[in-house]
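# Architecture and fold: a report
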Amino acid sequence: MSGLLKVVGGLAVLLLVLAALALFWYLPVKADRDMNVVKRDAPISVSEKAAKFHDDLRGADLHSDMLLWMRDPSKRHSRGHTDLPRLREGRVAVQVFASVTKTPAGQNYEENTAESDQITLLAIAQRWPIRTWDSIYERARYHAERLFAEEAESDGNFVVALTKRDLADALAKRETDKSVLVGILATEGSHPLEGDIDKLQGLYDAGYRMIGLHHFFDNELGGSLHGVSGEGLTPFGREVVLKLVEMDIMIDVAHSSHQVVRDVLEMTDEPLVVSHTGIYSACNSTRNIPDDLMAEIAARGGLIGIGFWADVTCNDAPVGIANVIKYAADKFGVEHIALGSDYDGTVTTTFDASELSVLTEALLEKGMSEEDVRLVMGENAIRFFSENLPD
Ligand SMILES: [Zn+2]
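For every chain, the first residue of the written sequence is number 1, and numbering continues from 1 onward in sequence order. Note on the predicted model: pLDDT of at least 70 is required for a residue's local features to be given, and 80 or more for side-chain atom pairs to be given and counted; whole-chain, interface and lining totals, by contrast, use all residues.

### Brief notes about the packing of helix α12 (residues 318-332) against helix α13 (residues 357-365)
Quick reminder of the rule: For every element, the axis is a line fit to its C-alpha atoms; helices are fit only across the contacting stretch, and the angle between N-to-C directions ranges from 0 to 180 degrees. Labels follow the DSSP assignment, with helices taken as runs of H or I lasting at least four residues and strands as runs of E lasting at least two, numbered in each case from the N terminus. Here is the rule for angles: anything less than 35 degrees is roughly parallel, anything more than 145 is roughly antiparallel, 65 through 115 is roughly perpendicular, and the remaining ranges are oblique. Should the near helix be turned anticlockwise from the far one by less than a right angle, the crossing is termed left-handed; should it be turned clockwise, right-handed. Contact between two residues is assigned whenever their backbone-derived C-beta positions fall within 7 Å.
Close contact between α12 and α13 brings their axes to 9 Å; oriented N to C, the two are set at 60 degrees. As judged from the angle between their axes, α12 and α13 are oblique. In the packing of α12 onto α13, the handedness of the crossing is right-handed. Between α12 and α13, the residues in contact are P318, V319, I321, A322, I325 and K326 and V358, L359, A362 and L363, respectively.

### So, the packing of helix α5 (residues 136-152) against helix α7 (residues 199-206)
What counts here: The nonpolar class holds Ala, Val, Leu, Ile, Met, Phe, Trp, Tyr, Cys and Pro. Asp, Glu, Lys and Arg form the charged class, and all remaining residues, Gly among them, are polar.
It is the contact of α5 with α7, at a shortest axis distance of 9 Å, that shows an interaxial angle of 15 degrees. By the angle class used here, α5 and α7 are roughly parallel. The way α5 lies across α7 gives a crossing that is right-handed. Residue-level contacts link Y137, A140, R141 and A144 of α5 to K199, L203 and A206 of α7. Broken down by class, the residue content of the contact of α5 with α7 amounts to five nonpolar, no polar and two charged.

### Observations concerning the environment of S99
Mapped onto the elements, S99 comes out in strand β3 (residues 92-99). When the C-alpha atoms of S99 and T187 are compared, they prove to be 4.7 Å apart, with 88 residues separating the residues in sequence. Once residues within four sequence positions are removed from consideration, S99 is found in contact with L67, R139, A140, H143, T187 and E188.

### Quick look at helix α10 (residues 291-299)
Note the threshold: Burial is judged by counting the other C-beta atoms within 10 Å of a residue's own C-beta: 20 or more makes it buried, 12 or fewer makes it exposed, and any count in between marks it as partly exposed, with every C-beta position built from the backbone. Working definition: the arc comes from the directions between the helix axis and the C-beta atoms, pointing outward to the latter.
Listed in full, the buried residues belonging to α10 are M294, I297 and A298. The buried residues of α10 occupy an angular sector of 100 degrees when projected down its axis, which confines them to one face. Taken together, the buried residues of α10 touch β8 (273-277), β9 (303-306) and α12. Phi turns positive one or two residues past the end of α10, at G301, with a value near 85 degrees.

### Thoughts on helix α14 (residues 370-388)
Every α-helix winds through 3.6 residues per turn, so residues three or four apart in the chain are directed the same way. For clarity, the cut-off: Expected span of a helix, by definition, is 1.5 Å for each gap between consecutive residues, and there is one gap fewer than residues. Fitting one axis to the seven residues ending at a residue and another to the seven starting there, the bend at that residue is the angle between the two axes.
When the terminal C-alpha atoms of α14 are compared, their 25 Å separation across 19 residues agrees well with the 27 Å that a helix rising 1.5 Å per residue should span. Helix geometry: α14 is bent most strongly at V376, by close to 60 degrees. Of all the positions in α14, only D372, V373, L375, V376, M377, G378, E379, N380, A381, I382, F384 and F385 are classed as buried.

### Describing unusual backbone geometry
Despite not being glycine, D155 has its phi angle at roughly 55 degrees, a positive value. The topology assignment puts D155 in the loop between α5 and β4 (158-160). We note that T346 has phi near 50 degrees; this positive angle belongs to a residue other than glycine. Here T346 shows up in the loop between β10 (337-339) and β11 (348-349).

### Quick word on the pairing of strand β6 (residues 208-212)
For a regular strand, side chains alternate in direction, first toward one face of the sheet and then toward the other. What counts here: Two strands qualify as a pair provided DSSP detects at least 2 bridges between them. Whether a crossover is right-handed depends on one test, that the path from the first strand over the helix to the second runs clockwise when the strands point away from the viewer.
Burial analysis of β6 places five of its five residues in the buried class, the great majority of the element. Bridge analysis of strand β5 (residues 181-187) against β6 gives three bridges, and the strand direction is parallel. If you follow T187 over to β6, its bridge partner there is I211. The handedness of the β5 to β6 crossover, carried by α7, is right-handed. This β-α-β element, β6 to helix α8 (residues 235-246) to strand β7 (residues 250-252), shows right-handed connectivity.

### Examining the nonpolar core
Note the threshold: By definition, a nonpolar core groups buried Ala, Val, Leu, Ile, Met, Phe, Trp, Tyr and Cys residues that connect through C-beta atoms lying within 7 Å of each other.
Grouped together as the largest cluster of nonpolar side chains are 101 residues, with contacts concentrated most on I251, I304 and I325. Counting residues per element, this core draws most heavily on α14, at eight residues. Non-local contacts of I304, meaning those with residues more than four positions away in its chain, are made with V274, T277, M294, I297, A298, A328, F332, H336, I337 and A338.

Right, dumping it as structure tokens:
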């Protein structure tokens, strides 16, 4: 009898170990691989001329969700879209890293409530600190800590820019060492504030310099583009926007309801960012806000990051993305258009960060001037951050 108990006990322990291995190792890697796909129809090939031109660019991208995943950012990976080595290979000089802290089950572009949250399971499975399991504020703090840990281990060739000076110094260093890469921290939504304005200082102290007002659900600030209410800013939302302006924190209205965008435009003259989006009249998608709002954002000196995935561009091939970039540049002014890949944001793309030269080539082939290609591939974003990071 006791022999049988031992066998059963041994089996139970084995099952527990297997379950733990599945939860903590296999599933997070599988989720990352399955959700951040690069769909290549054929190996990427770029002409020698375009490759040479791209090699001298200072690339910049307004939105990667790399920090959400268990990948070591300092190593080159075969899954997902971004890590520091691949960003360097793609000649990216400045990358905005967004902190995703809460996502609803059954996430869609039409209507989501704030009730469910899939990040809790991801936080546990990826062995994030226990403080992050039930606090979205702590998740944002943890993501920032992860990025600063990369900076600390990088021997100075990865810098998290907190000020104009940090950015200028790093870019000056990059003139002689192209491995120098700058990160800027942003939140994807303002729910990490947990309804408490004082936590804004905590996020600033953690390193955040751009705050997205919304993600997929309505929050304490007002309506999401994919929420239920469709409403504008709440009194708390207005309080937060005023405080963001006062603290020199950049405002990202990607994922905010039309009315929230209108309200923010009414409240402040500060230039706004739409970090990852398409253009509605080029790709009729509920993920894209109306052109009149985009035109107003551009007219106020804002920055619009064009995404790399099909839901916003209607065509995720390099030529499809180039079409939208060229369209947006012609319509809103080339100086307002940038890249907003949404790499690692549970999207499928046709090239990863190391292969950005394929987009440069597509833009040149569309007849965009070399000067304009330089602007949209990075210089516009670099100029914007040089002007809008705190002193
Ligand atoms: Zn997003």
